[in-house]
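# Analysis of the macromolecular model
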Amino acid sequence: MALLEGLLVRPQLLIVRGDKETNAEQKWGEDVRSVAEGLGFVVEQVTGNRGGVERLRERGGVERGKGATAIYDVIVHVGDGPMDDDPDSKGVPGGAVLEEVRRLELGGEVPTPLDQLTSRRMHRELPMQCFVVHMGEMADRMPRTRWELFQRHANMVTRDAASLERALSIVHRHTVQRRTSKPTSDITLFACPWCLLDHLTEDHLCEHMFLYHANHLTPIKARCPVCNMKRIPLAPHIRNKHGRIGRHPELQEHRRRCPTFAFSLVVVVHPKLANTFLVVQEFSALGYWLPGGAVDPGEHLQEAAVRECQEEVGVEVRLTGVLQLAYRGHKTTSSQDACAVLRAVFLATTVDPDGATPKSIPDFESVGACWLHLDDLKRVRWRSDEPLRWFPHVANGGEVFPLSVLGI
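Nothing here was measured: the structure is a model prediction, and the numbers come from that model.

With that out of the way, let us pick up the packing of aromatic side chains. Applying the stated criterion across every chain yields a total of six aromatic pairs. For the ring pair Trp147 and Tyr288, a centre distance of 6.0 Å and an interplane angle of 50° mean the geometry is tilted. Residue Trp147 is located in helix α6 (residues 143-151), and its partner Tyr288 is located in strand β8 (residues 287-289); the two are separated by 141 residues in the primary sequence. When sorted by exposure, Trp147 lands in the same class as Tyr288, which is buried. Where Trp382 meets Phe391, the ring centres are 6.2 Å apart and the plane angle is 80°; that geometry is what we call edge-to-face. As far as the burial class goes, Trp382 and Phe391 line up, both buried. One aromatic cluster is present, formed by Trp147, Phe277, Tyr288, Trp382 and Phe391 through successive ring pairs.

Of all hydrophobic cores here, the largest spans 42 residues; its most connected members are Val266, Val267, Val268, Leu319, Phe346, Trp382 and Phe391. Contributions of two or more residues to this core are made by β6 (260-269), β7 (276-282), β8, α11 (301-313), β10 (317-331), β11 (338-350), β12 (368-373) and α12 (386-395). Counting residues in each nonpolar core, the second largest holds 22 residues, with Leu13, Val32, Phe41 and Leu211 among its members.

Here we take up the packing of helix α7 (residues 161-180) against helix α8 (residues 202-213). One way to put it is that α7 packs onto α8 with a least axis distance of 11 Å and a crossing angle of 135°. As judged from the angle between their axes, α7 and α8 are oblique. Regarding α7 and α8, the two cross each other, and that crossing is left-handed. Where α7 abuts α8, its residues Ala167, Ile170, Val171, Arg173, His174 and Gln177 lie against His204, Glu207, His208, Leu211 and Tyr212. Across the contact of α7 with α8, the residue classes break down as five nonpolar, four polar and two charged.

Structurally, His270 can be placed in the loop between β6 and β7. Ignoring anything within four residues of it in the chain, the contact list for His270 reads Thr276, Thr349, Asp354, Gly355 and Trp371.

Spatially, β2-β1-β3-β4-β5 is the arrangement adopted by the five strands of the open sheet, whose pairing is parallel. Two strands in the sheet have a free side with no partner beyond their single neighbour: β2 (42-47) and β5 (156-158). Ignoring strand direction, the axes of neighbouring strands in this sheet form an average angle of 20°. Pairing of strand β1 (residues 12-17) with strand β3 (residues 74-78) involves five bridges; the strand directions are parallel. Across the sheet, Leu14 pairs through a bridge with Ile75, a residue of β3.

Any two side chains of opposite charge can pair, given that their charged atoms come close. A full pass over the atoms with the stated rule returns 14 salt bridges. Note that Lys27 is salt-bridged to Asp31, the shortest N-O span being 2.8 Å. Residue Lys27 and its partner Asp31 are both found in helix α2 (residues 23-39); the two are separated by four residues, about one turn of the helix. Looking at Asp31, the relative accessible area reads 26%, which means it is partly exposed. Between Arg307 and Glu299 there is a salt bridge; the shortest N-O distance is 2.7 Å. Per residue, the accessibility class of Arg307 equals that of Glu299, and both read buried. Linked through salt bridges whose partners overlap, the residues forming this network are Asp296, Glu299, Arg307, Glu308 and Glu311.

What counts, and where the lines are drawn
Residues numbered from 1 in each chain as written. Predicted model: local features only at pLDDT ≥ 70, side-chain atom pairs only at ≥ 80, totals over all residues. Heavy atoms only, no water. Phe/Tyr/Trp six-rings, centres within 6.5 Å; stacked < 30°, edge-to-face > 60°. Helix = DSSP H or I, 4+ residues; strand = E, 2+ residues; numbered from the N terminus. Buried < 20%, exposed > 50% of the residue type's maximum accessible area, 1.4 Å probe, protein only. Core = buried A, V, L, I, M, F, W, Y, C linked by side-chain atoms within 4.5 Å. Axes fitted to C-alpha atoms, helices over the stretch in contact; angles between N-to-C directions. Parallel < 35°, antiparallel > 145°, perpendicular 65-115°, else oblique. Left-handed = near helix turned anticlockwise from the far one by under 90°. Contact = heavy atoms within 4.5 Å. Nonpolar A, V, L, I, M, F, W, Y, C, P; charged D, E, K, R; others polar. Pairing = 2+ DSSP bridges. Salt bridge = Lys/Arg side-chain N within 4 Å of Asp/Glu carboxyl O.

Shown next, in the form of structure tokens:
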């Protein structure tokens, strides 16, 4: 009986491997299995898209609302090629498996791609409770494929085994806790407002929310499950007001009203690959953009640029020049008070001479990052048009000002 209870508690993980693996993909598949078993997952393994779809259907028949979590807690697809020449893949690695997982979640309905999913429709098509990972060699070099994977409801796209291990350890910890904990006078458990996964502690809710739903829209009519506050930007509210960061105000992000708002953006060039630039995948399916963000109180423009690269793309950079320093006044969207915006656009390269591996674990800062070649500039969705201006400018040897213009 104790053995059976232990098996019921242990998270379930399915590995879908290619039928024509490269040496690297074969090693990744073995590494994923070793890492998952070491963490305590019950691991199953199948070959090819068809094998993955057939296994899901064999273990299907789940009730609407329970979704793929009733089958597997994690699905890891290994390899870059659409396997088995399966037409359901639609040119996307593991596309058929992702479609089948989503159909099971929706009780057989055809899922809506994320970039076509409105907040109202998402209220009916709840995001998956199953954590889906694609692991491939080109995960950080094919932004269009990466985007398509996330539109088919992948939660993480990576080529870094260490990042995968960290993400799986979080999922394992949450799953075991959910299946063993009960509410007490000292412990209150919550349900995720995105996917309705329940029995999460406050700290686990804060971790789960960005790991699973960094690319999802805020649910319509959502309330904070912790304090019941409504009509708020839900993700920043939960991140700043609850969990570990909520208990430590010095870690919270503040957006105080002030006369001038300062922002630093960074164009990061690959140190070895010509015409190749680092781009960040923004949350809530907004598209790709330059790494960057607001300057914190007391911080210099260049310090903010380096910090934002570390937070949003997971890469340490070295600033090499200034592309633009712009200052303009305007009205705020929330009031008629006059204010101004100062924006610096820096040029940089990676400290790693070979070009570092970009971040791939979704969190509050971003869904992840990848390298983009200039040829793919108009093949992906952009949050705004800065990359369309600055990438060709840099590639064509446009003017770059020295850092000394900022007194550096």
